[in-house]
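Single-letter residue listing:
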Amino acid sequence: MVAIASTYLSDAPCRLHLDNINKLNKTTSERNKIGKDQDHVAVERFGFHSTTCCGYIAHNNEWHDDWVAFYTRCRLQHQMDLIDKETKAENTRAFKGVDIKPSLLHGDLWSGNAAEVDDGPVVFDPASFYGHHEFDLAIAGMFGGFSRAFYDSYHKEVPKENGFDKRHQLYQLFHHLNHWNHFGTSYKSSSLAIMHGLLENS
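Under an unreviewed UniProt entry, the name given to the chain is protein-ribulosamine 3-kinase, and the organism recorded is Desmophyllum pertusum.

### Quick look at the overall build of the chain
A tally of helices and strands in the chain yields seven helices and six strands. Within the chain, residue pairs in contact and separated by at least 24 positions form 46% of the contacts whose partners lie at least 6 positions apart. Summed over all atoms, the accessible surface of the chain reaches about 14800 Å², with 58% contributed by carbon and sulfur.

### Remarks on the confidence of the model for the chain
With 87% of its residues at a pLDDT of at least 70, the chain reaches an overall mean of 86. Ranking the helices and strands of the chain by mean pLDDT puts strand 6 (residues 129–131) first, with 95, and helix 2 (residues 28–31) last, with 58.

### Concerning the pairing of strand 4 (residues 114–117)
Pairing geometry for strand 4 and strand 5 (residues 120–123), over four bridges, is antiparallel. In the sheet register, E116 faces strand 5, and the bridge partner there is P121. Remark: two residues form the turn of the hairpin made by strand 4 and strand 5, two consecutive strands paired antiparallel.

### Digging into helix 6 (residues 164–183)
Over its 20 residues, helix 6 runs 28 Å from end to end, which matches the ideal 28 Å to within 8%, given 1.5 Å per residue. Among the residues of helix 6, those classed as buried are F164, K166, R167, H168, L170, Y171, Q172, L173, H175, H176 and H179.

### Some details on the pattern of salt bridges
In this structure the tally under the stated criterion is five salt bridges. When the shortest N-O distance is used, the salt bridge between D19 and K23 registers 3.1 Å. With D19 and K23 both in helix 1 (residues 2–25), this residue pair falls four residues apart, about one helical turn. Across the pair D99 and K101 runs a salt bridge whose closest N-O atoms are separated by 2.4 Å. The class for D99 is exposed, based on a relative accessible area of 55%.

### Section: the side chain of H155
Following the sequence through the fold, H155 ends up in helix 5 (residues 148–157). Engagement of the side chain of H155 in a polar contact is seen with the backbone oxygen of V158, the distance being 3.2 Å.

### Some points on the side chain of S191
Mapped onto the fold, S191 is located in helix 7 (residues 188–200). Overall, the relative accessible area of 0% leaves S191 in the buried class. At 2.8 Å, the side chain of S191 forms a polar contact with the backbone oxygen of Y187. The residues contacting S191, other than those within four sequence positions of it, are L173, H176, L177 and W180.

Reading guide: rules and limits
Residues numbered from 1 in each chain as written. Predicted model: local features only at pLDDT ≥ 70, side-chain atom pairs only at ≥ 80, totals over all residues. Heavy atoms only, no water. Helix = DSSP H or I, 4+ residues; strand = E, 2+ residues; numbered from the N terminus. Contact = heavy atoms within 4.5 Å. Areas by Shrake-Rupley, 256 points an atom, 1.4 Å probe, with all protein chains shown as cover. pLDDT = per-residue confidence, 0-100. Pairing = 2+ DSSP bridges. Expected span 1.5 Å × (residues − 1). Buried < 20%, exposed > 50% of the residue type's maximum accessible area, 1.4 Å probe, protein only. Salt bridge = Lys/Arg side-chain N within 4 Å of Asp/Glu carboxyl O. Polar contact = N/O pair within 3.5 Å; in protein donor to acceptor, adjacent residues only side chain to side chain.

Shown next, in the form of structure tokens:
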């Protein structure tokens, strides 16, 4: 009885999914017959003629010629934008009460880009921009190489402010994602772990 029910159940979506494919597979002359029923015209693009909802979330169904473009822009990106909107207020709280002024940043300050010469310390291979000074500390802590004395000395001059740990994770997330894009999926799990941690602590 269960097997029969499953067969009947799978028949409906199967027919639904194959209907347009079968229409597309017909020859052009068959599809262009005079007097054809307009309700049975094959659809050759991805999307829909109106907005639809999955649950209470409205979906962008803008027509695309390419499935990957449609799925990326109208499904995945839309969901990411909604998450971004929801978490933006929470992330903003991590910066509440912090007076951020532009600092010249190295941008890639890890131990492999720092050394000492006779005249003192040097840093090289920068990805410089002006931003929040805490940003440089994110990658500095990713690979080790800087001593406790380095951090103690730094924070003596620039004390940690409230929310430092959460901001540190936000800034490390950039570097993990950047490494994922540069060096492959070995950074996938660490990127996702930081995202989960930020969501759990929000």
